[in-house]
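Structural description and commentary
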Amino acid sequence: MRKGQVLVLNFDYSPITVCTVQRAFLLVFGEKAEMLERLNGHVLRSVSKTFPAPAVIRLSRYVRVPYQGVMLSRQNVFRRDGHQCQYCGSGKDLTLDHVIPRSKNGKSTWTNLVTACKRCNTRKGDYTPEAAGLKLRKTPEKPSYLHFLRDHSGLMVEEWRPFLDFKRAG
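Residues numbered from 1 in each chain as written. Predicted model: local features only at pLDDT ≥ 70, side-chain atom pairs only at ≥ 80, totals over all residues. Heavy atoms only, no water.

Per an unreviewed UniProt entry, the chain carries the name HNH nuclease domain-containing protein and comes from Cesiribacter andamanensis AMV16.

**Observations concerning the domain arrangement of the chain**
Convention followed: Annotation comment: domain bounds sourced from an automatic or database domain assignment.
You can read the domains of the chain as domain 1 (5-67 + 144-163) and domain 2 (74-132). Here domain 1 and domain 2 have C-alpha centroids that lie 35 Å from each other.

**Structural notes on the environment of Pro 101**
The criterion, for reference: Secondary structure follows DSSP: runs of H or I at least 4 residues long count as helices, runs of E at least 2 residues long count as strands, and numbering of each begins at the N terminus. In what follows, residue pairs with any heavy atoms lying within 4.5 Å of each other are defined as contacts.
As for its position among the elements, Pro 101 is in the loop between strand S5 (94-98) and strand S6 (113-117). Along the primary structure Pro 101 and Leu 113 are separated by 12 residues, whereas in three dimensions their C-alpha atoms are 9.6 Å apart. Those residues within four positions of Pro 101 in sequence are excluded, and the remaining contacts are Gly 106, Lys 124, Asp 126, Tyr 127 and Thr 128.

**Observations concerning the nonpolar core**
We apply this condition: The definition of a nonpolar core used throughout is a set of buried Ala, Val, Leu, Ile, Met, Phe, Trp, Tyr and Cys residues joined through side-chain atoms within 4.5 Å. Relative accessibility thresholds used throughout: buried, under 20% of the residue-type maximum; exposed, over 50%; partly exposed, between the two (1.4 Å probe, protein chains only).
Core analysis: the largest hydrophobic core is formed by 23 residues, its most contacted members being Leu 7, Val 56, Ile 57 and Trp 160. The set of elements that each furnish at least two residues to this core consists of strand S1 (5-9), strand S2 (15-20), helix H1 (21-29), strand S3 (33-45), strand S4 (50-59), helix H4 (145-151) and helix H5 (161-164). Examining the composition of this core, we find that five residues originate from one element, S4, more than from any other. Setting aside chain neighbours within four positions, we find Ile 57 in contact with Val 6, Leu 7, Val 8, Leu 9, Ala 24, Leu 27, Val 28, Ala 33, Glu 34, Met 35 and Leu 36. If you look at the next biggest cluster of nonpolar residues, it comprises 11 residues, including Phe 78, Cys 85, Val 99 and Cys 120.

Next comes the structure, spelled out in structure tokens:
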């Protein structure tokens, strides 16, 4: 967990974002949210009082949230793929590969980008994996916000588990 991150749940307990401990505390203090879980062993101090640091908060009223997607970026593709080449499993000299090469109208999308080591990427060249004699270890998919938050963000903390650790969400 990055220090000071709090899971924010909507009124219906659906996860909507992650915020700082300070922001979460202000929402709780201003009665716009309730603290569901405390960050084990952490406190916030004022001049005269000590408050438990929140780990999970729930908003006091339902907030309509626009579509939440995971931003397509080099680091997020690496995270989705577990920082491993999707052809050989190596974790060294990683780069991005277009499954369908750009020269063959392959787009830069979640379903067409995978993590590849430089050796496999060079071997694949301007071909599809099949044409180059390579096999993808898993089909690239666009991660849902909840799936990404739970499995790939590096932010998961034990106090969040009851709110995120359920059957895979779409």
